[in-house]
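Here are the chains, one letter per residue:
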Amino acid sequence: PHMDWRMYPGVPGGAGGTDFSACPEEPYWMNADDVCRAGRLPILEVPMTVVRPTYPVVDILRRRLRRGSFVRRALNRLWPEVRWMRPNGRNRASLVDILRGAAMGMRHVEFMLHSSELMPGGSPYFPTEESIEVLYADMDAVFAEAARLCIPMTLAEFAAQWIREGGQP
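Asker: Lay out the overall build of the protein chain with the relevant residues and their values.
Answerer: The secondary structure content of the protein chain amounts to five helices and four strands. For the protein chain, the N- to C-terminal ordering of α and β elements is β-β-β-α-α-β-α-α-α. Each of the three principal axes of the protein chain carries a C-alpha extent, and together these read 45 × 40 × 35 Å. A total of 169 residues make up the protein chain; the buried ones form 32% of that total. When contacts within the protein chain are restricted to residue pairs at least 6 apart in sequence, long-range pairs at least 24 apart make up 48% of them. Only carbon and sulfur atoms are counted for the fraction: they give 59% of the accessible area of the protein chain, which is about 11000 Å². Across the protein chain, the mean location of the 20 positive side-chain charges is 9 Å away from that of the 20 negative side-chain charges.

Okay, structure coming up:
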């Protein structure tokens, strides 16, 4: 949710990715015609945890600034438009904050990491052994908080619970 990948071509000469900016944050049954709308397919979409914090004054400024401008990039660095449940080596506090917010009413939290990011140089976020150690420390802190606030389960367990609580397959 909240992400638009159309500006990223993917393969050289590619047409760009999918626009997920209007997709729900909460789980929903897939729609054959629109990936961002609930439907009747027996596939439960459990979206990546991406939250959009609100900063009223910053949001007004952001709307008036050209995308990609220096000032807008600075605003985004200080007050991100979205926060992912994905470590980047600089966002431990944000990840823990997302978990604490989730404890206040979100139905799920989905943590994301590419396996290549677990080795030095496997990602621009983690180029060195030292940065990998920071990643591991961040994961320890996040998982400790998650153990305190969340009930761990597989996607199959989550789907079964979703159906038990009234979601139709």
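Past the structure itself, the notes keep going.
Asker: Explain the packing of helix H3 (residues 92-102) against helix H4 (residues 129-149) residue by residue, including any values.
Answerer: Remark: H3 packs on H4, axes separated minimally by 10 Å, with the N-to-C direction vectors making an angle of 15 degrees. Put simply, H3 runs roughly parallel to H4. In this structure, the crossing between H3 and H4 has a hand that is right-handed. In this structure, H3 contributes Arg92, Leu95, Val96, Leu99 and Arg100 to the contact, and H4 contributes Val134, Ala137, Asp138, Ala141, Val142, Glu145, Ala146, Arg148 and Leu149. Partitioned by chemical class, the residues of the contact of H3 with H4 number nine nonpolar, no polar and five charged.

Asker: Account for the packing of aromatic side chains, with residues named and values stated.
Answerer: Applying the stated criterion across every chain, the model contains five aromatic pairs. Their ring planes at 55 degrees and their centres at 5.4 Å tell us that Trp5 and Tyr8 sit as a pair that is tilted. Centroid distance Phe158 to Trp162: 5.8 Å. Interplanar angle 25 degrees. Geometry classified as stacked. With a gap of four residues between them, Phe158 and Trp162 both fall in helix H5 (residues 155-164), about one helical turn apart. Pairwise contacts between aromatic rings join Trp5, Tyr8 and Trp84 into one cluster.

About the cut-offs
Residues numbered from 1 in each chain as written. Predicted model: local features only at pLDDT ≥ 70, side-chain atom pairs only at ≥ 80, totals over all residues. Heavy atoms only, no water. Helix = DSSP H or I, 4+ residues; strand = E, 2+ residues; numbered from the N terminus. Buried < 20%, exposed > 50% of the residue type's maximum accessible area, 1.4 Å probe, protein only. Contact = heavy atoms within 4.5 Å. Areas by Shrake-Rupley, 256 points an atom, 1.4 Å probe, with all protein chains shown as cover. Lys, Arg positive; Asp, Glu negative; His and termini not counted. Charge placed at Lys NZ, Arg CZ, Asp CG, Glu CD. Axes fitted to C-alpha atoms, helices over the stretch in contact; angles between N-to-C directions. Parallel < 35°, antiparallel > 145°, perpendicular 65-115°, else oblique. Left-handed = near helix turned anticlockwise from the far one by under 90°. Nonpolar A, V, L, I, M, F, W, Y, C, P; charged D, E, K, R; others polar. Phe/Tyr/Trp six-rings, centres within 6.5 Å; stacked < 30°, edge-to-face > 60°.

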